[in-house]
Amino acid sequence: MGQCNCRKKRKDSQELTDVERAIETVINQFHCYAVKGQKEYLTPNEMRELVVQKLPHLGKCVGPLDEKIECMGDPDEAKLEFGEYWDMMGDAAKGCRRK
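Going by an unreviewed UniProt entry, the chain carries the name S100/CaBP-9k-type calcium binding subdomain domain-containing protein and comes from Callipepla squamata.

Shown next, in the form of structure tokens:
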């Protein structure tokens, strides 16, 4: 797939806070790696690619993230929907915070 640099343009001109921009980025990356937004889930391979490319430091910090990806099943067929992705991102952040 290569480097994913999707960025949606906002319809309004309101300035987002740092936290809002961070949340928007996490959401946009999901859609970007879900084969350029054509579907509403990630395969384990797409999730692994996202972690390697966009979370290189977080991915090293949290072993369970890779374990969760492994447990998803067939790397090309299993489906990780947005809610599960969001939970994994939260678990990764919590794991790094504890270290």
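### Brief notes about the layout of surface pockets
The calculated volume of the second largest pocket comes to roughly 220 Å³. Listing elements by their share of the lining of the second largest pocket, those giving two or more residues are α1 (18-33), α2 (44-54) and α5 (82-98). Its residues assigned to classes, the lining of the second largest pocket comprises seven nonpolar, two polar and one charged.

### Description of a nonpolar patch on the surface
On the surface, Val 19, Ile 23, Ile 27 and Trp 86 cluster together to form a nonpolar patch covering roughly 340 Å² of accessible area. Within the fold, Ile 23 resides in helix α1. A residue is classified by how much of its surface remains accessible, and Ile 23, at 38% relative accessible area, is partly exposed.

### Describing a negative patch on the surface
A grouping of Glu 40, Glu 81, Glu 84 and Asp 87 is seen on the molecular surface, where their side chains present a negatively charged patch. Residue position: Asp 87 is located in helix α5.

### Concerning the confidence of the model for the chain
The share of residues in the chain with pLDDT of 70 or more is 76%, and the mean pLDDT across the chain is 80. Ranking the elements of the chain by mean pLDDT puts helix α3 (residues 56-61) last with 70 and α1 first with 93.

### Description of the side chain of Thr 43
Within the secondary structure, Thr 43 sits in the loop between β1 (41-42) and α2. With sequence-adjacent residues up to four places away left out, Thr 43 is seen in contact with Met 72, Pro 75, Asp 76 and Ala 78.

### Considering the pattern of salt bridges
Counted by the stated rule, this structure contains six salt bridges. Among the salt bridges present, the one from Asp 18 reaches Arg 21, with a minimum N-O distance of 2.3 Å. Placement of the pair is Asp 18 and Arg 21 together in helix α1, with a separation of three residues, close to one helical turn. Owing to a relative accessible area of 58%, Asp 18 belongs among the exposed residues under this scheme. Put simply, Lys 68 and Asp 91 hold a salt bridge, and the shortest N to O gap is 2.1 Å. Within this pair, whereas Lys 68 is found in helix α4 (residues 63-70), its partner Asp 91 is found in helix α5, the two being separated by 23 residues in sequence. Lys 68 sits in the partly exposed class, given a relative accessible area of 33%. One continuous salt-bridge network, built from bridges that share partners, spans Glu 15, Asp 18 and Arg 21.

### Quick look at the nonpolar core
Nonpolar side chains in soluble globular proteins generally cluster together in the buried interior. Leu 42, Met 47, Leu 50, Val 51, Leu 80, Tyr 85 and Met 88 are the most contacted members of the largest nonpolar core, which has 18 residues in total. Looking at this core, the elements with two or more residues in it are α1, α2, α4 and α5. If one sorts the elements of this core by residue count, α5 sits on top with four residues. If we skip the residues at most four places from it in the chain, Leu 80 touches Phe 30, Tyr 41, Leu 42, Met 47, Met 72, Tyr 85 and Met 88.

What counts and what doesn't
Residues numbered from 1 in each chain as written. Predicted model: local features only at pLDDT ≥ 70, side-chain atom pairs only at ≥ 80, totals over all residues. Heavy atoms only, no water. 1 Å grid on protein atoms, 1.4 Å probe; cavity = no way out; pocket = protein on both sides within 12 Å on 5 of 7 lines; lining within 4 Å. Points joined across faces, edges and corners; volume = space filled by probe spheres on them. Helix = DSSP H or I, 4+ residues; strand = E, 2+ residues; numbered from the N terminus. Nonpolar A, V, L, I, M, F, W, Y, C, P; charged D, E, K, R; others polar. Patch = residues over 30% accessible without salt bridge, like charges linked within 9 Å, V, L, I, M, F, W, Y side chains within 5 Å. Areas by Shrake-Rupley, 256 points an atom, 1.4 Å probe, with all protein chains shown as cover. Salt bridge = Lys/Arg side-chain N within 4 Å of Asp/Glu carboxyl O. Buried < 20%, exposed > 50% of the residue type's maximum accessible area, 1.4 Å probe, protein only. Lys, Arg positive; Asp, Glu negative; His and termini not counted. Charge placed at Lys NZ, Arg CZ, Asp CG, Glu CD. pLDDT = per-residue confidence, 0-100. Contact = heavy atoms within 4.5 Å. Core = buried A, V, L, I, M, F, W, Y, C linked by side-chain atoms within 4.5 Å.

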